[in-house]
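Commentary on secondary and tertiary structure
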Amino acid sequence: MISTHQIRCTGCAASIPGERIPANFRCADCGSLFEVVYPWSVGGNTGNTAVSLPNPSALRWLWQERRTSSLAIDQSGVWRFRDLLPIVQNDSITTLREGNTPLYELPRAAKSLGIHWILAKHQGMNPTGSFKDTGMTAALSVAVERGFQWVACASTGNTSAAMAAYAARAGLRSIVFIPDGKIAWGKLSQSMDYGALTIQLRTDFDGCVKMVNQLVMTHPIYLLNSVNPYRLEGQKTPAFELLEQMDWQVPEHIIVPGGNLANSAALAKGFSEMLQLGLISRIPRISIIQAAGANPLYKSMLENNGVELTPVKADTRATAIRIGNPASWRKAVAALHSTGGWCEEVSEQEIALAKAQIGAEGIGCEPASAVTLAGLKKLVADGRVGTEERAVLILT
């Protein structure tokens, strides 16, 4: 079989075939996370020199044509773009027709901030209510193709719901580790409804991560937390969908909530690949907003420009981003540097007010994603976002 992709360490740049990736998704030499690379990735090399790069115009036409198809993989807002994530064969794909989420205008919020355009890409309209579905369909499909029967994750809510749903759909068994009393119970109920074996530990999210890593290193269980680079392949597709909805006009700013920090890296990867392929001529600034009670990246950028990160004891009502030691922080720093974005923190009061303002537009979101509007206010106030510039909030 011709290799369609390689796995590359984000630390030492060592490349290996996807099938040889360690169970904990960390480089054996330097301990860094991996990324998926294609011939069109920056510095990409799959070992297949004969491959031809996709044609931008042909891709746009093909993606639009698939919208009229009755096939499940074409109706998926992830796999409709499968030309840019050739990680599994089509018959291995597990889909709940995720993606295809709406792009809303927020005119009252824009007026209150004194800018012309605020848009919201609402990833909460996915099957289990968050952007995690876009990543889970990709990574779980890899688990199916590689013959795993069990999958596992540590979660504060969204990841557990997504993993359990897609595992059930594929006929796999799933295990969820949750921190004691620090999870959104509505999301937990989803994972239990989908049949996941749910284990509550007397620790925080980071303690759950340690436990699930021990499990996958000693048993044939596939890890589905965001350290899995295939998760990011699915999570990059909202960038494609967003630009398609904007008639391929690139916004100036993308504002992303900051928890475990993989989503900002995934979106940056998506925009970078589109730039490499000639689908767009520039990339937007990607800015990351954290809750003040769970702000290790913000502190890192402020103190040493992201060279080192010191974990914090996370404490915020925005449960989905209550993470004190984010696994993908180096990838997030790279996303900030490559796109020219910023990292900000917002208080609990600012989050609550922003959530109310989004609600006043007739749009519901969880507190963890309301940080985007709260953070945008700060970026506008100090002139980093101009009145004529378009900002897109990523909501769940």
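Heads up: the structure comes first, above all this text.
Residues numbered from 1 in each chain as written. Predicted model: local features only at pLDDT ≥ 70, side-chain atom pairs only at ≥ 80, totals over all residues. Heavy atoms only, no water.

**Looking at helix 4 (residues 132–145)**
Spanning 14 residues, helix 4 covers 20 Å between terminal C-alpha atoms, matching the ideal 20 Å at 1.5 Å per step. Taking burial as the measure, the 14 residues of helix 4 include 12 buried ones, the bulk of the element. All buried positions along helix 4 are accounted for by K132, D133, T134, G135, M136, T137, A138, A139, L140, S141, V142 and A143. Buried positions along helix 4 lie against strand 6 (150–154), helix 5 (158–170), strand 9 (221–223), helix 8 (229–235) and helix 9 (237–245). Positioned one or two residues after helix 4, G147 has a phi angle of 85°, which is positive. (Helix = DSSP H or I, 4+ residues; strand = E, 2+ residues; numbered from the N terminus. Expected span 1.5 Å × (residues − 1). Buried < 20%, exposed > 50% of the residue type's maximum accessible area, 1.4 Å probe, protein only. Contact = heavy atoms within 4.5 Å.)

**Some remarks on the layout of surface pockets**
The volume enclosed by the largest pocket comes to roughly 540 Å³. If you go around the largest pocket, you meet 24 residues; those closest to its centre are E35, A265, K269, K331 and A334. Contributing elements (two or more residues each) for the lining of the largest pocket: strand 3 (34–37), helix 8, helix 10 (262–277) and helix 12 (329–339). Classifying every residue of the lining of the largest pocket by side-chain character gives 11 nonpolar, 6 polar and 7 charged. (1 Å grid on protein atoms, 1.4 Å probe; cavity = no way out; pocket = protein on both sides within 12 Å on 5 of 7 lines; lining within 4 Å. Points joined across faces, edges and corners; volume = space filled by probe spheres on them. Nonpolar A, V, L, I, M, F, W, Y, C, P; charged D, E, K, R; others polar.)

**Remarks on the packing of helix 13 (residues 348–359) against helix 14 (residues 367–381)**
In the contact formed by helix 13 and helix 14, the axes pass within 8 Å of each other and the chain directions differ by 100°. Taken as axis vectors, helix 13 and helix 14 run roughly perpendicular relative to one another. Contact with helix 13, carried on its side by E350, I351, L353, A354, K355, Q357 and I358, involves P367, A370, V371, L373, A374, K377 and K378 of helix 14 and no other residues of that element. (Axes fitted to C-alpha atoms, helices over the stretch in contact; angles between N-to-C directions. Parallel < 35°, antiparallel > 145°, perpendicular 65-115°, else oblique.)

**Section: the pattern of salt bridges**
Once their charged atoms are close, side chains differing in charge can pair, the charge on each being opposite to the other. In this structure the tally under the stated criterion is 17 salt bridges. Two residues, E233 and K269, come together in a salt bridge whose shortest N-O distance is 2.9 Å. Remark: K269 occurs in helix 10 and E233 occurs in helix 8; sequence separation between them is 36 residues. This pair shows no difference in class: E233 is buried, exactly as K269 is. Residues joined by salt bridges that share partners form a network here, namely R66, D74, R82 and D83. (Salt bridge = Lys/Arg side-chain N within 4 Å of Asp/Glu carboxyl O.)

**Points about unusual backbone geometry**
One can expect most non-glycine residues to show negative phi and most peptide bonds to be in trans. Positioned with a positive phi, A13 is a non-glycine residue whose angle comes to about 70°. With respect to the secondary-structure elements, A13 resides in the loop between strand 1 (6–9) and strand 2 (15–16). By relative accessible area, A13 is classed as partly exposed at 48%. Look at F25: it is not a glycine, yet its phi comes out positive at around 60°. Residue position: F25 is located in the loop between strand 2 and strand 3. For F25, a relative accessible area of 1% gives the class buried.

**Here's the deal with the pairing of strand 1**
Every second residue of strand 1 is oriented toward a common face, with Q6 and R8 on one face and I7 and C9 on the other, all of them buried. In the sheet, strand 1 pairs with strand 2 via 2 bridges, with the strands oriented antiparallel. Each bridged residue has a counterpart across the sheet, and for R8 the counterpart in strand 2 is S15. Two successive antiparallel strands, strand 1 and strand 2, enclose a turn made up of 5 residues, where A13 displays a positive phi of approximately 70°. (Pairing = 2+ DSSP bridges.)

**Looking at helix 14**
Side chains three or four residues apart in an α-helix point the same way, a direct result of the helix having 3.6 residues per turn. Over its 15 residues, helix 14 extends 21 Å from the first C-alpha to the last, a length consistent with the 21 Å expected when each residue adds 1.5 Å. Along helix 14, the positions that sit buried rather than exposed are A368, S369, A370, V371, T372, L373, A374, G375, L376, L379 and V380. G383 sits one or two positions beyond helix 14 and adopts a positive phi of about 85°.

**Focus on the nonpolar core**
One finds W79, I87, V151, I254, F271 and M274 to be the most contacted residues of the largest nonpolar core, which totals 80 residues. Apart from the residues lying within four places of it in its own chain, the contact partners of I254 are L242, L267, F271, P284, R285, I286, S287, V392 and I394. The next biggest cluster of nonpolar side chains, apart from the first, holds 31 residues, and it includes I118, A318, A320 and I351. (Core = buried A, V, L, I, M, F, W, Y, C linked by side-chain atoms within 4.5 Å.)

**Focus on the sheet that holds strand 11 (residues 285–291)**
On the basis of which strands lie adjacent, the open sheet formed by 6 strands has the order 4-5-13-10-11-12 and mixed pairing. At either end of the open sheet lies a strand with only one pairing partner, and these are strand 4 (103–105) and strand 12 (343–346). Each strand of the sheet is rotated relative to its neighbour by a mean of 25°, with strand direction disregarded. Pairing between strand 4 and strand 5 (residues 117–122): 3 bridges, direction antiparallel. Counted as the bridge partner of L103 is K121 from strand 5.

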